[in-house]
2 protein chains.
Amino acid sequence: MSDLKNKILASAKYDLEAIEIALKQNLKPYLDLVSQVASHILFAGGKRLRPLLMVLSARICGYDSNFDKTFSIMFEYLHAATLLHDDLVDEATLRRGKLAAHSIWGNSIAVLVGDFLLARALSIAADTGRLNVIKIVSEITENMSQGEIHQLMRKGQPDLSEKEYMEIIQNKTAVLFRGACQASAVIADAPEKEEKAISIYGFNLGIAFQMIDDLLDYTSDAGILGKKAGADLEEGKLTLPLIYALKQADSKDRATMESIIKNKDFSAGEFKTLLELLHKYKGLKYTKELAAKHIAKAKKALVGVFKPSETRQLLINIADYALARKH
Amino acid sequence: MSDLKNKILASAKYDLEAIEIALKQNLKPYLDLVSQVASHILFAGGKRLRPLLMVLSARICGYDSNFDKTFSIMFEYLHAATLLHDDLVDEATLRRGKLAAHSIWGNSIAVLVGDFLLARALSIAADTGRLNVIKIVSEITENMSQGEIHQLMRKGQPDLSEKEYMEIIQNKTAVLFRGACQASAVIADAPEKEEKAISIYGFNLGIAFQMIDDLLDYTSDAGILGKKAGADLEEGKLTLPLIYALKQADSKDRATMESIIKNKDFSAGEFKTLLELLHKYKGLKYTKELAAKHIAKAKKALVGVFKPSETRQLLINIADYALARKH
């Protein structure tokens, strides 16, 4: 699969470079500490997937001005702001293999720099001069905090349903992906049909992306993922592989899983048992298949409306890679 | 002075009631826990000064539609969001005599509900349909987080200058007061002269309001203030009374003050010594006088542009009360 990744990176090279420059320039005028903390989270090897989606969506919608990169970074800011706050909420010490910001600078700075990045994102949205972009961005922010609160309220509770899980990942991930795509259609003055298609693409890509994230939390290892496998479970987060397996399991196996869920300090042996049960009840397979369905939906929306082009192919490759990636 | 307060409350009675209703209705559709936490901070006896300023400013600028109350609550949301985050940052256990939200629900919920209120404020700004209102609100949010970060960076450092103090209180308080006033002028399509005057009023009122807050932190007591006197100092926050006294003091007295500043667990006796030195070097008097100058500026801007009216008088009374209040 690394072929696909290389293909994406090669095609998106100039866009990704322009996004890096826009990110760096935008942070320059602010207090040293703000730039430093923001840079720690912003330049820690992020994929820039959200701004890239905006730039590519703008292109496929025929945007012909020069502000797409500058605008696109608001979605990276929104993402970084939630990472800062979520790592604190989850008491996660690592982020992409480095210490999380709150572990270095403390909770206060993580909260306040997160607020600053949120505010910066909204200022950039205002700079677009387009009310609909601003509405998209403020709704993303509302949805993300609601998704996180919902997740937090249901921490460690084994009766979380698939429906609730879907609501949570829509709010905390998919709405942001959709917003990055839809905002482009707005600034490009794209016809409604295109705005709708690119929004469906972004939304379904976001859902699949989060599902695969949740899957990799069980199957990847620290070296590749930059954090411990099983971290979600340790934080009391029930995700789809486990939710599905719990529903399918017989009462004995369900009891075993529930006891591991309730014990935050589960041993490596217990985690192995859990993994075996996830396999036995096809929780991992089900998650992957459902993610694949959403990727198919995303691509179908795209292909149904936009003519073949290099940009369209790149968006398709990104969707395929979101599903196939190993970290 | 309670006469002045009663006069204000009587004149603003209907507006304040309408603001309460708007606040309650706006929170209804959200997750139970969100409403509960948000209500804890929003309905804990706040003065509703910021939304009231918006409603009154709109009226004096000739606004003739019905959305002023609905819009005005965005400024209470912004205020509540920062209170939630700041109490956590400051590790303050009390807020208006009640337990702070993070003391009840934990840091995570305080962070996430703060984010939600911030997002809600920006959504309401977007609902105004006025780009300039949105710009005002996103700039307020940026400025507030920068002011808080600046304050945090300089915690416990006795060399904080009056200039830096002014920058901090402008960012964390005055910009929000100004925004509430200016946004009204925008939605009222007021002439530039009026927008400018009401902005000057709000900005100077905000500065004076924060100075008096900082003064009362030394002179009021827990029963009235809802938190311990000397709380700012305990949190390492140097405010104008102390900054001025430090500058005026001889080297021996300065050394005494600095040693108390550095010792977070200062005794009641040490606090008394500090208070005496604040009196001796006129730190309290200087602060009050400077606040009075800003109140004079605020009133002058108002009187210079707007004709006498009940609303103008109410805005003047609010300015006078901001200076004269004892809590």
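Every value quoted in this text rests on a predicted model; they were computed, and no experiment measured them.

Enquirer: Describe the overall build of chain A, with residues and values.
Expert: Within chain A, the secondary structure is distributed over 17 helices and two strands. Radius of gyration (C-alpha) of chain A: 20 Å, near the 20 Å computed for a compact globule of 327 residues. Along the first, second and third principal axes, the C-alpha set of chain A runs to 60 × 45 × 35 Å. The buried share of chain A, reckoned over its 327 residues, is 61%. Excluding contacts between residues fewer than 6 apart, the proportion of contacts in chain A whose partners are at least 24 apart in sequence is 74%. Total accessible area on chain A stands at roughly 13200 Å², and carbon and sulfur atoms take up 51% of it.

Enquirer: Before we move on, could you go through a nonpolar patch on the surface and cite the residues and values that matter?
Expert: Together, Leu 94, Leu 99 and Ile 104 of chain A make up a nonpolar patch on the protein surface, roughly 250 Å² of accessible area in all. Turning to its location among the elements, Leu 94 of chain A is positioned in strand β1 (residues 94-95).

Enquirer: Go over the state of the cysteines, please, and point to the residues and values.
Expert: Applying the stated rule across the entire model yields zero disulfides over all chains. In this model Cys 61 of chain B remains outside any disulfide bridge; the closest cysteine sulfur is found in Cys 181 of chain B, 8.8 Å from its own.

Enquirer: Tell me about the nonpolar core, and please be specific about residues and values.
Expert: Of all hydrophobic cores here, the largest spans 236 residues; its most connected members are Leu 117 and Tyr 201 of chain A together with Leu 117 and Tyr 201 of chain B. Aside from chain neighbours lying at most four places away, what touches Tyr 201 of chain B is Leu 53, Cys 181, Ala 298, Ala 301, Leu 302, Leu 315, Ile 318 and Ala 319 of chain B. With six residues, the next largest nonpolar core counts Val 111 of chain A together with Leu 88, Ala 110 and Val 111 of chain B among its residues.

Enquirer: Tell me about the packing of helix α14 (residues 251-262) of chain B against helix α15 (residues 268-280) of chain B, and please be specific about residues and values.
Expert: Residues and elements named next belong to chain B. For the pair α14 and α15, interaxial distance at closest approach is 10 Å and the crossing angle is 135 degrees. Between α14 and α15, the angle falls in the class oblique. Crossing handedness for the pair α14 and α15: left-handed. Within the contact between the two elements, α14 uses Asp 253, Thr 256, Met 257 and Ile 260 and α15 uses Glu 270, Thr 273, Leu 274, Leu 277 and Lys 280. Considered class by class, the residues forming the contact of α14 with α15 number four nonpolar, two polar and three charged.

Enquirer: Now, about the interface of chain A and chain B: what can you tell me, with residues and values included?
Expert: On the side of chain B, 38 residues touch chain A, which itself brings 38 residues to the contact. For the pair chain A and chain B, the summed buried area comes to about 3400 Å², and 76% of that belongs to carbon and sulfur atoms. Viewed at the interface, chain B and chain A are joined by two salt bridges. For Arg 120 of chain B, the salt bridge identified is with Glu 142 of chain A, shortest N-O distance 3.1 Å. At the boundary of chain A and chain B, one finds eight residue pairs in polar contact (both at pLDDT 80 or more). Elements with a minimum of two residues in the side of chain A that touches chain B: α3 (32-42), α5 (68-89), α7 (107-127) and α8 (131-153) of chain A. The element contributing the most residues to the side of chain A that touches chain B is α7 of chain A, with 15 residues. Of the residues contributing to the side of chain A that touches chain B, the split by class is 20 nonpolar, ten polar and eight charged.

Enquirer: Tell me about the packing of aromatic side chains, and please be specific about residues and values.
Expert: A full pass over the atoms with the stated rule returns ten aromatic pairs over all chains. Here Phe 266 of chain A and Phe 271 of chain A contribute two aromatic rings whose centre-to-centre distance is 5.8 Å and whose plane-to-plane angle is 20 degrees, an arrangement assigned as stacked. With respect to class, Phe 266 of chain A is no different from Phe 271 of chain A; both count as buried. When the ring of Tyr 244 of chain B is compared with that of Tyr 286 of chain B, the centres are 3.8 Å apart and the planes differ by 10 degrees; the resulting orientation is stacked. Separated by 42 residues along the polypeptide, Tyr 244 of chain B in helix α13 (residues 240-248) and Tyr 286 of chain B in helix α16 (residues 283-305) bring together distant segments of the chain.

Enquirer: Pulling in residues and values, what's your account of the relation of the copies chain A and chain B?
Expert: Rotating chain A by 180 degrees and translating it 0.0 Å along the rotation axis places it on chain B, where the RMSD comes to 0.0 Å. The transformation relating the two chain copies, once decomposed into turn and shift, fits a two-fold axis. When you check the interface residues of chain A against chain B, 100% turn up at the interface there too, and the contact is symmetric in its surfaces.

Cut-offs and rules
- Residues numbered from 1 in each chain as written.
- Chains lettered and ligands numbered in written order.
- Predicted model: local features only at pLDDT ≥ 70, side-chain atom pairs only at ≥ 80, totals over all residues.
- Heavy atoms only, no water.
- Helix = DSSP H or I, 4+ residues; strand = E, 2+ residues; numbered from the N terminus.
- Rg over C-alpha atoms; globule rule 2.2 N^0.38 Å.
- Buried < 20%, exposed > 50% of the residue type's maximum accessible area, 1.4 Å probe, protein only.
- Contact = heavy atoms within 4.5 Å.
- Areas by Shrake-Rupley, 256 points an atom, 1.4 Å probe, with all protein chains shown as cover.
- Patch = residues over 30% accessible without salt bridge, like charges linked within 9 Å, V, L, I, M, F, W, Y side chains within 5 Å.
- Salt bridge = Lys/Arg side-chain N within 4 Å of Asp/Glu carboxyl O.
- Disulfide = S-S within 2.5 Å.
- Core = buried A, V, L, I, M, F, W, Y, C linked by side-chain atoms within 4.5 Å.
- Axes fitted to C-alpha atoms, helices over the stretch in contact; angles between N-to-C directions.
- Parallel < 35°, antiparallel > 145°, perpendicular 65-115°, else oblique.
- Left-handed = near helix turned anticlockwise from the far one by under 90°.
- Nonpolar A, V, L, I, M, F, W, Y, C, P; charged D, E, K, R; others polar.
- Buried area = accessible area lost by both parts, 1.4 Å probe.
- Polar contact = N/O pair within 3.5 Å; in protein donor to acceptor, adjacent residues only side chain to side chain.
- Phe/Tyr/Trp six-rings, centres within 6.5 Å; stacked < 30°, edge-to-face > 60°.
- Least-squares fit on C-alpha atoms with pLDDT ≥ 70 in both.

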